[in-house]
Amino acid sequence: MTHLDSVKYMAGAEVAGSTPVVMSSPELRAEVRNLSFWYGKTQALNGINLPVADKQITAMIGPSGCGKSTLLRCFNRMHDLYPGNRYGGEIRLYPEDRNLIAMEPGLVRLRIGMVFQKPNPFPKSIFENVAAGLRVRGIGDKRVLNERVEQALRGAALWDEVKGRLHESAYGLSGGQQQRLCIARALAPQPDILLLDEPTSALDPIATARIEDLLVELRRTITTVIVTHNMQQAARISDFTAYMHMGKLVEYNGTNAIFTNPKDKLTSDYITGRFG
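Computed from a predicted model, the values in this text were never measured in an experiment. (Residues numbered from 1 in each chain as written. Predicted model: local features only at pLDDT ≥ 70, side-chain atom pairs only at ≥ 80, totals over all residues. Heavy atoms only, no water.)

Chemist: Please clarify how the pattern of salt bridges should be interpreted in this entry.
Modeler: Note on pairing: side chains with opposite charge can pair once their charged atoms come close. Scanning all chains against the criterion turns up 22 salt bridges. Between Glu-90 and Arg-33 there is a salt bridge, with its nearest N and O atoms 3.8 Å apart. Of this pair, Glu-90 sits in strand 4 (residues 85–93) while Arg-33 sits in strand 1 (residues 28–39), and the two are 57 residues apart along the sequence. Of the charged contacts in the structure, one is a salt bridge between Arg-111 and Asp-192, with a shortest N-O distance of 2.8 Å. Within this pair, whereas Arg-111 is found in helix 2 (residues 105–111), its partner Asp-192 is found in the loop between helix 6 (175–187) and strand 7 (193–197), the two being separated by 81 residues in sequence. The buried category is assigned to Arg-111, whose relative accessible area is 18%. Judged by relative accessible area, which is 11%, Asp-192 ranks as buried. Overlapping salt bridges bring together Arg-29, Asp-54, Lys-55, Glu-96, Arg-111 and Asp-192 as one network. (Salt bridge = Lys/Arg side-chain N within 4 Å of Asp/Glu carboxyl O. Helix = DSSP H or I, 4+ residues; strand = E, 2+ residues; numbered from the N terminus. Buried < 20%, exposed > 50% of the residue type's maximum accessible area, 1.4 Å probe, protein only.)

Chemist: Looking at this structure, how should I read the pairing of strand 1?
Modeler: Looking along a regular strand, one sees the side chains alternate between the two faces of the sheet. Most of strand 1 is tucked away: nine of the twelve residues are buried. Where strand 1 meets strand 2 (residues 42–53), eight bridges bridge the pair, whose relative direction is antiparallel. Bridge assignment links Leu-35 to a residue of strand 2, and that residue is Ile-48. Examined bridge by bridge, strand 1 and strand 4 share eight bridges and lie antiparallel to one another. Within strand 4, the residue paired with Ala-30 across the bridge is Leu-93. (Pairing = 2+ DSSP bridges.)

Chemist: Please explain unusual backbone geometry as it appears in this structure.
Modeler: The general pattern is negative phi for most residues beyond glycine and trans for most peptide bonds. Residue Tyr-94 is joined to Pro-95 through a cis peptide bond whose omega torsion reads 10°. Along the chain, the position of Pro-95 falls in the loop between strand 4 and strand 5 (98–99). Non-glycine residue Arg-77 carries a positive phi angle of around 60°. Mapped onto the secondary structure, Arg-77 falls in the loop between helix 1 (68–75) and strand 4. Its relative accessible area of 6% is what places Arg-77 among the buried residues. With a phi close to 60°, Asp-97 is a non-glycine residue in the positive phi region. Mapped onto the elements, Asp-97 comes out in the loop between strand 4 and strand 5. For Asp-97, a relative accessible area of 34% puts it in the partly exposed group.

Chemist: In this structure, what is going on with the packing of helix 6 against helix 7 (residues 205–218)? I would like to understand it.
Modeler: Relative orientation and spacing of two packed helices are given, respectively, by the angle between their axes and the distance between those axes. The geometry of helix 6 relative to helix 7 is characterised by a closest axis approach of 9 Å and an angle of 20° between their N-to-C directions. Compared by their axis directions, helix 6 and helix 7 come out roughly parallel. As for how helix 6 packs across helix 7, the hand of that crossing is right-handed. Taking contact as the criterion, the partners of Gly-176, Gln-179, Arg-180, Ile-183 and Leu-187 in helix 6 are, on helix 7, Ala-207, Arg-210, Ile-211, Leu-214 and Leu-218. (Axes fitted to C-alpha atoms, helices over the stretch in contact; angles between N-to-C directions. Parallel < 35°, antiparallel > 145°, perpendicular 65-115°, else oblique. Left-handed = near helix turned anticlockwise from the far one by under 90°. Contact = heavy atoms within 4.5 Å.)

Chemist: Would you mind showing me how to read helix 1 here?
Modeler: Quick reminder: α-helices carry 3.6 residues per turn. Residues three or four places apart thus point the same way. Counting buried residues along helix 1, six of its eight residues qualify, which places the element largely inside the surrounding structure. When helix 1 is considered as a whole, its buried residues turn out to be Lys-68, Thr-70, Leu-71, Leu-72, Cys-74 and Phe-75. In the segment just after helix 1, Arg-77 is the residue with positive phi, at about 60°.

Chemist: Got a minute to help me understand the sheet that holds strand 8 (residues 223–227) in this structure?
Modeler: Strand pairing in a sheet relies on backbone hydrogen bonds, with the paired strands running either antiparallel or parallel. Pairing in this open sheet of six strands is mixed, and the strands run 6-7-8-3-9-10 from one edge to the other. Since the sheet does not close on itself, it has two edges, and those belong to strand 6 (112–115) and strand 10 (248–254), each with one partner. Neighbour-to-neighbour, the strand axes of the sheet open up by a mean angle of 20°, direction not taken into account. Pairing of strand 3 (residues 57–61) with strand 8, which is carried by four bridges, proceeds in the parallel orientation. Looking across to strand 8, one finds that Ile-57 is bridged to Thr-224. Contacts between helix 6 and the sheet are confined to strand 6 and strand 7, with strand 6 contributing the most and set at about 175° to the helix.

The structure is reproduced here in structure tokens:
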């Protein structure tokens, strides 16, 4: 399967009370199929089904502890860094139709970029932060590195601000600049999917607006999945939204439909502030 059917796709169709949704047919970049996840003996995700449309922004919203970040970190196998965690189900990556859950974790992380809640630049220069992933991939040619670093910094709307100090410490940048540097670092290896886990929660409103504008611009070239507690942010920048509750996917649809005409009462109660 490489496209959403033109007559349906409700990612939570197996969840009680969900309703099929009529949607257009964007090309899929990935697809979560019946995914469950356990931290040791504790089940954190239960039978998740979720399409990820190519070159679109998919937002995941829901109350704290609902499984948003857990699901996001399944995409790049971050959970494999800790013993005792296990998966069930699949995450298919298209167009190859490969299962990310069955691949070697290191190879998965070469293809799925991630930006975390707080900026986490390496204790290196601005240039070496962006080049880090390229060097891991065996790229050592100076000309290629220079081109790819500049391209990534331009993609993260940071080039004009740092081009004169590429070899200075990344710690000299402001918080917002550091987060855009982390986005550039994730973009440099040209990943299949960019994951963002609450990327603006530690930033001021001005820096947040710049990151949001950047993500909307990047939508032309990269598939993005973002976890956010900020429903206004999801409404502003995402094309599709998934609402999660207690480890299950309750509802998935186009963002406008989720926020103006939710089909499930749990979704409606959360969006209207009755809980969460």
